[in-house]
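# Descriptive analysis of the structure
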Amino acid sequence: MSRSNSKSSSNSRSTSQAESVRSVETAKTEATGRALESIKSEDDVEGGGKGEELSDEGLTSAEAEILMEKWGPNELPEKKKSKCELLTEQFMQPMPLMITAAFVIEGLLANYVDMVLLLILNIVNCGLAYYEASKAADAIAALKSSLKPAAQVKRDGKWENIDAKYLVPTDVVALNAGAAVPADCTIIPGHIDVDQAALTGESLPVTMMAGGQPKMGSTVVRGEVSAVVTYTGAHTFFGKTAMLIQAASDSESNMQVVLFSIMITLCGISMVLCSIA
């Protein structure tokens, strides 16, 4: 009799555990469905729509985690260079390459004193350039770490302050006077004045009504509204502009091409003169 009771109790425990696992999986599936349904395609979100049609209910923490996995953090991607790469870049500039070529020529001519002087000059020149570049990079990194933008977001039905990099599309945020717009948003009924000078160069604030779309990088001058996040990170207007600038800076400029051609010409002339002498 006791054995049958123990078997029945173990069966009931295993059944309850299985039901709890199924309930957790069902909750996760429902949260995933709500999160994926709440976010439209990129082209649809860009259209914005009327502010009256947007919901101000906000997301749950589970939905926010799912959308974070899909869209990534609300921050601009940046290419970080190691100290070794930064030092190597200094030696690959036109002037250091020219000094290196002169160093080789002096070595072939057995002018060891001039060769040592050129070597010292090249090391000092590249060392100073590396120090300045490294110092500037460290200052920018320290400034970014100290200026972490915060956002007032509605999660799980209540307002809370979080780091702006954790925002995801369809989050509901509060835009208050004096605060920076943490991401590209669409305003829910209300109106605010937004300073977009950093983005468009406009000297006066722009008044935005329901359905207006303040961009990341602008500042709220007057008013207080709720807004739905439409774009985050590299998908924002500011992020796309920064990516275009970074792509242009990665390619060689006309000045660099001209300096490199001058260096090649001067090296060729030096080798011809040395061979004649």
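As a reminder, the structure under discussion sits directly above these lines.
Parameters at a glance
Residues numbered from 1 in each chain as written. Predicted model: local features only at pLDDT ≥ 70, side-chain atom pairs only at ≥ 80, totals over all residues. Heavy atoms only, no water. Salt bridge = Lys/Arg side-chain N within 4 Å of Asp/Glu carboxyl O. Helix = DSSP H or I, 4+ residues; strand = E, 2+ residues; numbered from the N terminus. Buried < 20%, exposed > 50% of the residue type's maximum accessible area, 1.4 Å probe, protein only. Pairing = 2+ DSSP bridges. Axes fitted to C-alpha atoms, helices over the stretch in contact; angles between N-to-C directions. Phe/Tyr/Trp six-rings, centres within 6.5 Å; stacked < 30°, edge-to-face > 60°. Lys NZ or Arg CZ within 6 Å of the ring centre and 35° of its normal. Contact = heavy atoms within 4.5 Å. Expected span 1.5 Å × (residues − 1).

### Comments concerning the pattern of salt bridges
Inspection of every chain in the model, using the stated rule, returns 2 salt bridges. Residue Arg-155 pairs with Asp-171 through a salt bridge whose shortest N-O separation is 2.7 Å. Here the residue Arg-155 occupies a position in strand β1 (residues 150-155), and Asp-171 occupies one in the loop between β2 (158-163) and β3 (172-176), the gap between them amounting to 16 residues. For Asp-171, a relative accessible area of 0% translates into the label buried. The salt bridge involving Asp-193 is made with Arg-222; its shortest N-O contact spans 2.4 Å.

### Considering the pairing of β3
Burial of β3 is extensive: 4 of the 5 residues sit out of reach of the surface. Bridging between β1 and β3 involves 2 bridges; their strand directions are antiparallel. Considered in β3, the bridge of Lys-154 is made with Val-172. Summarising the sheet, β3 and strand β8 (residues 224-231) pair through 5 bridges and their orientation is antiparallel. From the neighbouring strand, Val-172 faces β8, where its bridge partner is Val-228.

### So, the pairing of strand β4 (residues 184-187)
A two-sided burial pattern is seen for β4, the buried positions comprising Asp-184 and Thr-186 on one face and Cys-185 and Ile-187 on the other. In the sheet, β4 pairs with β8 via 4 bridges, with the strands oriented antiparallel. By the bridge assignment, Asp-184 is partnered in β8 with Tyr-231.

### A closer look at the sheet that holds β1
A sheet is described by the order of its strands in space; here 5 strands give the open sequence β2-β1-β3-β8-β4, paired in antiparallel fashion. Only two strands of the sheet have a single neighbouring strand rather than two, namely β2 and β4. In this sheet, adjacent strand axes meet at a mean angle of 45° when their direction is disregarded.

### Quick notes on the sheet that holds strand β6 (residues 206-208)
Backbone hydrogen bonds are what pair the strands of a sheet, in a parallel or an antiparallel way. Overall, antiparallel pairing links the 3 strands, which are arranged β6-β5-β7 in an open sheet. In this open sheet, the two edge strands, each paired with only one partner strand, are β6 and β7 (219-222). The average undirected angle you get between the axes of adjacent strands in this sheet is 45°.

### Notes on the packing of aromatic side chains
Per the stated rule, a full pass over the model turns up 0 aromatic pairs. The cationic tip of Lys-240 hangs over the ring face of Tyr-231; the distance from NZ or CZ to the ring centre is 5.5 Å.

### A look at the environment of Pro-149
Mapped onto the secondary structure, Pro-149 falls in the loop between α6 (112-146) and β1. Classification of Pro-149 as partly exposed rests on a relative accessible area of 48%. Counting along the chain gives 33 residues from Pro-149 to Pro-182, while the straight-line C-alpha distance between them is 7.2 Å. Pro-149 has contacts with Ile-162, Asp-163 and Ala-164, leaving out every residue within four places of it along the chain.

### Description of the side chain of Lys-154
Considering the arrangement of structural elements, one finds Lys-154 in strand β1. Assessed through its relative accessible area of 18%, Lys-154 is described here as buried. Once you skip the residues sitting within four places of it in the chain, Lys-154 turns out to touch Asp-56, Glu-57, Gly-58, Leu-59, Trp-159, Asp-171 and Val-172.

### Examining helix α5 (residues 94-108)
The terminal C-alpha atoms of α5 lie 21 Å apart, and with 15 residues this matches the ideal 21 Å at 1.5 Å per residue to within 8%. Within α5, the full set of buried residues consists of Pro-94, Pro-96, Ile-99, Ile-105 and Glu-106. A positive backbone phi angle near 65° is found at Ala-110, which sits one or two residues after α5.

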